Amino acid sequence: MNIILDFGHGGMLNGKYQTKGKRSPKWDNGSQLFEGVFNRGVGNKLARLLDWDNIDYDILVHEESDIGLSERVRRANKIYSKRKDSILISIHANGFSKESANGFEVFTSNGSTRSDKYAEILHSCYVSKIKEIKDRGIKEAGFAMVKRTHCPAVLIECGFMTNYNECQFLLNNEYRIAKAIFEGIKQIQLDNEGI
C-alpha cells in the first residue's frame, strides 16, 4: 500500500504565508493558524509515523509555495499510474464566516467508490482518538482532490480554524491528529491484507 499525502495550500517562505486567506483570525491571545502551515505540520508528522512503520508514501507538495489544484491532481495521477495501490489523503483545516461553526469532516467524491470504505475507517479512527472536536460525519463533495484524482481519495477537514476553541486545539495537537490518521491508515492496511 502506498499513501499519497496532500497538504492543501502554501506554507511559509521568508516569514510570509503563501496563500491569500486560508488562515484563522488573529485571536486575543496572539495565536493564529495558517492552514497550509498546519496541513504541512500534520502531514510531516504523519510521514514520520509512516516511516517508522515502513509504510510507503509520497508527498505531493515539497514546496512551500502554493501549488495549484490542477498540478496537485496531475502529480497524484502520475504517482497512481505507477503505484496502483495508492490511496490519497488530503489534509486540511476548515473555515467559515461564523465562529460558531465547528467539527471535523471526512470527504469523498460523489457516488459509491472505493474511497467510501477508506473514509469510514479514517473517520472511525479520528472519532475514537480526537474527542475534543465534534463529529460532522462523512460527506460527499466535488472537491478536485477527491473528484479528479484517479486513485481512491479522502479529504479530511481536521476542525475549524475559525472557531477559537478548535483553532487552539489544532495549533497544539498536530501530533495527535497525525496519530489518529495514522491509526486509520493502519486499519486500511489490515483491511487490504484481508486480516
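For the structure itself, look to the data block above.
Counting restarts for each chain, with residues numbered from 1 along the sequence as it is written. In keeping with the model being predicted, local features are shown solely for residues with a pLDDT of at least 70 and side-chain atom pairs are shown and tallied solely at 80 or more, while totals for entire chains, interfaces and linings include all residues. Water and hydrogen atoms play no part in the side-chain values, which are based on all heavy atoms of the structure.

1. Thoughts on the state of the cysteines
Disulfides are defined in this document as cysteine sulfur pairs within 2.5 Å. On inspection of all chains with the given rule, the structure shows 0 disulfides. Cys151 takes part in no disulfide bond, and the closest cysteine sulfur, belonging to Cys158, lies 18 Å away. Free of any disulfide, Cys158 has its nearest cysteine sulfur in Cys167, 13 Å distant.

2. Some words on the packing of helix 1 (residues 35-52) against helix 6 (residues 174-192)
Relative orientation of the contacting elements helix 1 and helix 6 amounts to 50°, with a least axis distance of 8 Å. Between helix 1 and helix 6, the angle falls in the class oblique. Remark: the crossing between helix 1 and helix 6 carries right-handed chirality. In this structure, helix 1 uses Val37, Phe38, Gly41, Val42, Lys45, Leu46, Leu49 and Leu50 to contact helix 6, whose residues at the interface are Glu174, Tyr175, Ile177, Ala178, Lys179, Ile181, Phe182 and Ile185. Residue composition of the contact of helix 1 with helix 6, grouped by class: 12 nonpolar, 1 polar and 3 charged. Axis geometry follows a simple rule: fit a line to the C-alpha atoms, using only the stretch in contact for helices, then measure angles between N-to-C directions, giving values from 0 to 180 degrees. Think of it this way: any DSSP run of H or I at least four residues long counts as a helix, any run of E at least two long counts as a strand, and we number them from the N terminus. Orientation categories follow fixed angle ranges, with anything under 35 degrees roughly parallel, anything over 145 roughly antiparallel, 65 to 115 roughly perpendicular, and all other angles oblique. Handedness of a helix crossing follows the sense of rotation of the near helix relative to the far helix, less than a right angle counterclockwise being left-handed and clockwise being right-handed. Every residue pair with non-hydrogen atoms within 4.5 Å of one another is taken to be in contact. Gly is put with the polar residues, along with every residue not named as nonpolar or charged; the nonpolar set is Ala, Val, Leu, Ile, Met, Phe, Trp, Tyr, Cys and Pro, and the charged set is Asp, Glu, Lys and Arg.

3. Quick word on helix 5 (residues 164-172)
All buried positions along helix 5 are accounted for by Glu166, Cys167, Gln168, Phe169 and Leu170. Next to the buried residues of helix 5 lie helix 1, strand 5 (86-94), strand 8 (153-160) and helix 6. For the purposes of these results, a polar contact is taken to be a pair of N or O atoms within 3.5 Å, where, inside protein, one atom must be able to donate a hydrogen and its partner to accept one; residues adjacent in sequence count only when each atom of the pair is a side-chain atom. The distance from a side-chain oxygen at the start of helix 5 to the backbone nitrogen of Asn165 is 3.2 Å, and the residue carrying that oxygen is Asn163. Categorising residues by exposure relies on relative accessible area from a 1.4 Å probe, with only protein chains included: less than 20% of the type maximum marks a residue as buried, more than 50% marks it as exposed, and the intermediate range marks it as partly exposed.

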